[in-house]
Amino acid sequence: MCQVGEDYGDPAPEAPLPPRPGRELKCVKCKEGLPTVVIRAGDAFCRDCFKAFYVHKFRAVLGKNRLIFPGEKVLLAWSGGPSSSSMVWQVLEGLSRDSAKRLRFVPGIVYVDEGAACGQSLEDRTKTLAEMKLILQTVGFPWHIVALEEVFSLPPSVLRCFAQEPAGTKGAYKAAVDSFLQQQHAPAPGEEQLSQSGTQDLQSPAVLPTAAQTEAQPPTAAQTEAQPPTAAQTEAQPPTAAQTEAQPPTAAQTEAQPPTAAQTEAQPPTAAQTAALFRLFDSVKTLTAKEELLQTLRTHLILHVARTHGYSKVMMGDSCTRLAIKLMTNLALGRGAFLAWDTGFSDERHGDVVVVRPMRDHTLKEVAFYNRLFAVPSVFTPAIDTKAPEKASIHRLMEAFMLRLQAQFPSVISTVYRTSEKLVKAPRDGSADGPPGTRCLLCTCTLDIDTADSATAFGAQTSHLSQTQPPTPPAEAPTTPCCSAAVGRAQGCCWGAGPCGRGDPRARVIEQLCYGCRVNMKDLPSLDPLPPYILTEAQLRSQRAWVLQEMQEYLVEDSDDEAQTGES
Amino acid sequence: MAAPLSVEVEFGGGAELLFDGVKKHQVTLPGQEEPWDIRNLLVWIKKNLLKERPELFIQGDSVRPGILVLINDADWELLGELDYQLQDQDSVLFISTLHGHQMGS
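If you're wondering where the values come from, they're calculated on a predicted model, not measured in any experiment.

Further remarks concern the overall build of chain A. Of regular secondary structure, chain A possesses 22 helices and nine strands. Counting across all 568 residues of chain A, residues that qualify as buried make up 49%. Summed over all atoms, the accessible surface of chain A reaches about 27300 Å², with 58% contributed by carbon and sulfur.

As structure tokens, then:
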């Protein structure tokens, strides 16, 4: 056994230190090139091998998971930062490849201008936007720029999950690839479809979509729309220009047509909305809660853009480093139940729009080196926590902790990251109260709150909440009149606000949140500054729950004996 | 006695925010007794270039974890990290991969 101080005989006298890896080393891959970057401990790659390795990893992640079907519309969420920029460039490269290795989906880019939440001046924001547009034009994909302020005009339906049939088996994927290849050989019907989808693109951007619009769009619409051939659409040039020429635009079309139809850019946010956003973020007491809120709002906005423009996948640029940090952060934030969704390759919580993370095999070091060596442009925009001290938020603290550990033990990040890969998205079975499938209002994960579980700190948190207001359907006293007897029960005096006991809007919102979001909302003294769609949806949900409860009473009475019926 | 060196120091990934937003700095390191290595350079940077919050850039005698160092566009891990001896006309790049310096996704 190894013991401290054990004598292993004569130590090699003055063993020469292992030679420091220097430039005399060769690339571990080709054994020829001059190494440029050390990837894992000791693996030095030359420039060319590093590029091949990097590109291969991106394509392998997509190939392995087989989630993105040929011809599918995929929205790339681009922040201007290194990882998402690198992702956009990988897609661009993948589309310009020769046919056999070519990526076959139809990309679009969304950029969310978060300047208001980060306290940027209007002038700085305009400057940043100009920089962003320059890059977007170089890339040439259809793009959508939205300001974070637009959360104030989101429809409540964005918070709903639109169920979709299971994504299909590997057989389905193969069939889709085959039919896509066939379609490519028969371009005529394809063109027809292309113009159809083009028309839709023309119509949607100008008007801010209403709730009805989003709802009206069945989840499958995205898919049918995604079918048109990519070949034409994915040329480096925005496809619509040629299209408009070929097909004389109708009056309606020209009217709705933004610069090039593929691009949407919202009107600059009104001063009132910017002020409202300022007020919202200003009212949040901690940086931790601010970061979480920003993430929530951003996700909703991207989801909305994806839905209104018929994208069925959203690609996020989270790197392996970022995801490992996120995993630990989310554990600390009480989001342990959702780790598999929050950090996995794919996230199906929204139903019709699936979030995928194709950069999850790349470390930030690889990303930074790739972007530097191959001149991938990225735009630096101050984040909400720029220049914040290390202990300003759980996010910052966890990042510093992980990176410092990583500096001493170079496999920490990859170990954590590999753990995240193994997490299984098991649907929570009916142990929680409420109907199955009840979802958190904010993060739209299946609720992890279990009021029966009162022995734990978790339960204590919930029971504390239930003291402020009666728990969701008070099962013991279903017939408690909620109003004075004078008002007929059938009319439901509190129709508008739900049952009396839950008239408090704050309690009504809080009870619809998962544990993590509840904790987070504690740092929001008032819910009033929240965007209306959240509050509206909360109200709708509690009304629905109340109606459902009412109905259930009747059902119980119906099936029960007469004694109970007489009671009421 | 090492002769004065002319070196390009560059900051990226948001690290430039700690340097008045200036990315590229052409600097002349004065001649000194011991040769200039990265360890000395960091001390010099802290004294002469860094405008605020040194703890966000330097930790101990090295850079804060999460900040990458490239010497002439190659990983400093290949070149002996802090012990690399600077040559005239070298370029040293510091890229922050930290979130506060950069947006995550």
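This next bit is on the overall build of chain B. Each helix and strand in chain B was counted, giving one helix and seven strands. Compactness check: chain B gives a C-alpha radius of gyration of 13 Å against a globular reference of 13 Å for 105 residues, within 12% of the reference. Overall size of chain B, expressed as C-alpha extent along the three principal axes, is 45 × 30 × 25 Å. Counting only residues that meet the buried cut, chain B has 60% of its 105 residues in that class. A total of about 4300 Å² of accessible surface is found on chain B, and carbon and sulfur atoms cover 47% of it. Looking at chain B, you have 8 positive and 17 negative side-chain charges, and the mean spots of the two groups are 9 Å apart.

Moving on, we get to the sheet that holds strand S6 (residues 74-75) of chain B. Here five strands make up an open sheet; going across it, the order is S2-S1-S7-S5-S6 (chain B) and the pairing mixed. The sheet is open, and its two edges are formed by strand S2 (24-29) and S6 of chain B, each paired on a single side. Pairing analysis gives six bridges linking strand S1 (residues 5-12) of chain B to S2(B), with the strands arranged antiparallel. Note that in S2(B) the partner of Ser6(B) across the bridge is Thr28(B). Each of S1, strand S5 (67-71), S6 and strand S7 (91-96) of chain B touches helix H15 (residues 364-373) of chain A; the most contacted strand, S5(B), lies at about 40 degrees to it.

Residues and elements named next belong to chain A. Strand order across the open sheet formed by seven strands is S6-S5-S4-S3-S7-S9-S8, with mixed pairing between neighbours. Two strands bound the open sheet, and with one partner strand each, they are strand S6 (264-265) and strand S8 (346-347). On the sheet, helix H12 (residues 287-308) packs against strand S3 (73-78), strand S4 (106-113), strand S5 (143-147) and strand S7 (313-315) and is oriented at approximately 145 degrees with respect to S4.

This brings us to the packing of helix H13 (residues 320-332) of chain A against helix H17 (residues 412-422) of chain A. Residues and elements named next belong to chain A. Packing of H13 against H17 brings their axes to within 9 Å, and their N-to-C directions diverge by 70 degrees. Judged by the angle between their axes, H13 and H17 are roughly perpendicular. Residues Cys-320, Thr-321, Ala-324, Leu-327 and Met-328 of H13 form the contact with H17, whose own contacting residues are Ile-413, Val-416, Tyr-417 and Ser-420. Residue composition of the contact of H13 with H17, by class: seven nonpolar, two polar and no charged.

This part takes up the interface of chain A and chain B. With 40 residues of chain A at the interface, the matching set in chain B holds 34 residues. Counting each side, the surface lost to burial between chain A and chain B is near 3300 Å², with a carbon and sulfur contribution of 59%. Salt-bridge contacts for Glu10(B) lead to Arg372(A); the nearest nitrogen and oxygen are separated by 3.3 Å. Elements represented by at least two residues in the side of chain A that touches chain B include exactly strand S1 (35-38), helix H2 (82-95), H15 and helix H16 (394-408) of chain A. Per-element tally for the side of chain A that touches chain B: the top contributor is H15(A), with six residues. Taken together, the residues of the side of chain A that touches chain B sort by class into 17 nonpolar, nine polar and 14 charged.

Okay, the confidence of the model for chain A next. All names here are of chain A. On average, residues of chain A score 74 in pLDDT, and 66% of them are at 70 or above. Confidence drops under a pLDDT of 50 for residues 5-22, and excluding neighbours within four residues, the segment shows 10 contacts in the predicted structure. Every residue in residues 429-436 scores below 50 in pLDDT, and together they form six contacts with partners more than four places removed in sequence or on other chains.

Right, let's get into the pattern of salt bridges. All names here are of chain A. With the rule as written, the count across this model stands at 24 salt bridges over all chains. Among the ionic pairs, Lys-313 bridges to Glu-72, the shortest N-O distance being 2.7 Å. Placement of Lys-313 in strand S7 and of Glu-72 in the loop between helix H1 (47-65) and S3 is noted, with a sequence separation of 241 residues between them. A relative accessible area of 7% places Lys-313 in the buried class. Among the residues examined, Glu-72 registers a relative accessible area of 5% and is labelled buried. Across the pair Arg-357 and Asp-318 runs a salt bridge, and its minimum N-O distance is 3.6 Å.

Residues and elements named next belong to chain A. A large share of S4 lies buried, amounting to eight of its eight residues. Relative to S4, S3 runs parallel, the two being bridged by six bridges. Bridging across to S4, Lys-73 finds its partner in Val-106. Examined bridge by bridge, S4 and S5 share five bridges and lie parallel to one another.

Each aromatic ring pair is specified by the distance between its two centres and by the angle formed by the two planes. Residues and elements named next belong to chain B. Evaluation of the coordinates by the stated rule reveals 11 aromatic pairs over all chains. Ring centres of Phe-11 and Phe-57 lie 5.7 Å apart, and the angle between their planes is 75 degrees; on these two criteria the pair is classed as edge-to-face. One end of the pair, Phe-11, is in strand S1; the other, Phe-57, is in the loop between helix H1 (38-48) and strand S3 (58-59), and 46 residues separate them in sequence. A relative accessible area of 0% places Phe-11 in the buried class.

This part covers unusual backbone geometry. In this model, Thr444(A) sits at a positive phi of 55 degrees, which is unusual for a non-glycine residue. Mapped onto the secondary structure, Thr444(A) falls in the loop between H17 and helix H18 (457-468). Taking relative accessible area as the criterion, Thr444(A) reaches 3% and is therefore assigned buried. Positive phi is not limited to glycine here, since Arg53(B) has a value of about 40 degrees. For Arg53(B), a relative accessible area of 34% corresponds to the partly exposed category.

We now examine the side chain of Arg125(A). All names here are of chain A. By secondary structure assignment, the location of Arg-125 is in helix H3 (residues 122-139). Take Arg-125: its relative accessible area is 4%, and that puts it in the buried class. A polar side-chain atom of Arg-125 sits 2.9 Å from a polar atom in the side chain of Glu-149. If we skip the residues at most four places from it in the chain, Arg-125 touches Asp-113, Gly-115, Ala-116, Gln-120, Ala-147, Glu-149, Pro-269 and Thr-274.

Attention shifts here to H2(A). All names here are of chain A. Taking 1.5 Å of rise per residue, the 14 residues of H2 would be expected to cover 20 Å, and the 20 Å separating its terminal C-alpha atoms lies within 8% of that figure. Buried residues dominate H2, accounting for 12 of its 14 residues. Three or more residues of H2 are buried, namely Pro-82, Ser-83, Ser-84, Ser-85, Ser-86, Met-87, Val-88, Trp-89, Gln-90, Val-91, Gly-94 and Leu-95. The inward-facing, buried residues of H2 contact H1, S3, S4, H3, S7 and H15.

Okay, H17(A) next. Residues and elements named next belong to chain A. Buried within H17 we find Val-412, Ile-413, Val-416, Tyr-417 and Ser-420. All buried residues of H17 lie within an arc of 125 degrees about the axis, which places them on one face of the element. Those residues of H17 that are buried are in contact with H13, helix H14 (339-343) and H16.

What counts, and at which threshold
- Residues numbered from 1 in each chain as written.
- Chains lettered and ligands numbered in written order.
- Predicted model: local features only at pLDDT ≥ 70, side-chain atom pairs only at ≥ 80, totals over all residues.
- Heavy atoms only, no water.
- Helix = DSSP H or I, 4+ residues; strand = E, 2+ residues; numbered from the N terminus.
- Buried < 20%, exposed > 50% of the residue type's maximum accessible area, 1.4 Å probe, protein only.
- Areas by Shrake-Rupley, 256 points an atom, 1.4 Å probe, with all protein chains shown as cover.
- Rg over C-alpha atoms; globule rule 2.2 N^0.38 Å.
- Lys, Arg positive; Asp, Glu negative; His and termini not counted.
- Charge placed at Lys NZ, Arg CZ, Asp CG, Glu CD.
- Pairing = 2+ DSSP bridges.
- Contact = heavy atoms within 4.5 Å.
- Axes fitted to C-alpha atoms, helices over the stretch in contact; angles between N-to-C directions.
- Parallel < 35°, antiparallel > 145°, perpendicular 65-115°, else oblique.
- Nonpolar A, V, L, I, M, F, W, Y, C, P; charged D, E, K, R; others polar.
- Buried area = accessible area lost by both parts, 1.4 Å probe.
- Salt bridge = Lys/Arg side-chain N within 4 Å of Asp/Glu carboxyl O.
- pLDDT = per-residue confidence, 0-100.
- Phe/Tyr/Trp six-rings, centres within 6.5 Å; stacked < 30°, edge-to-face > 60°.
- Polar contact = N/O pair within 3.5 Å; in protein donor to acceptor, adjacent residues only side chain to side chain.
- Expected span 1.5 Å × (residues − 1).
- Arc of directions from axis to C-beta.

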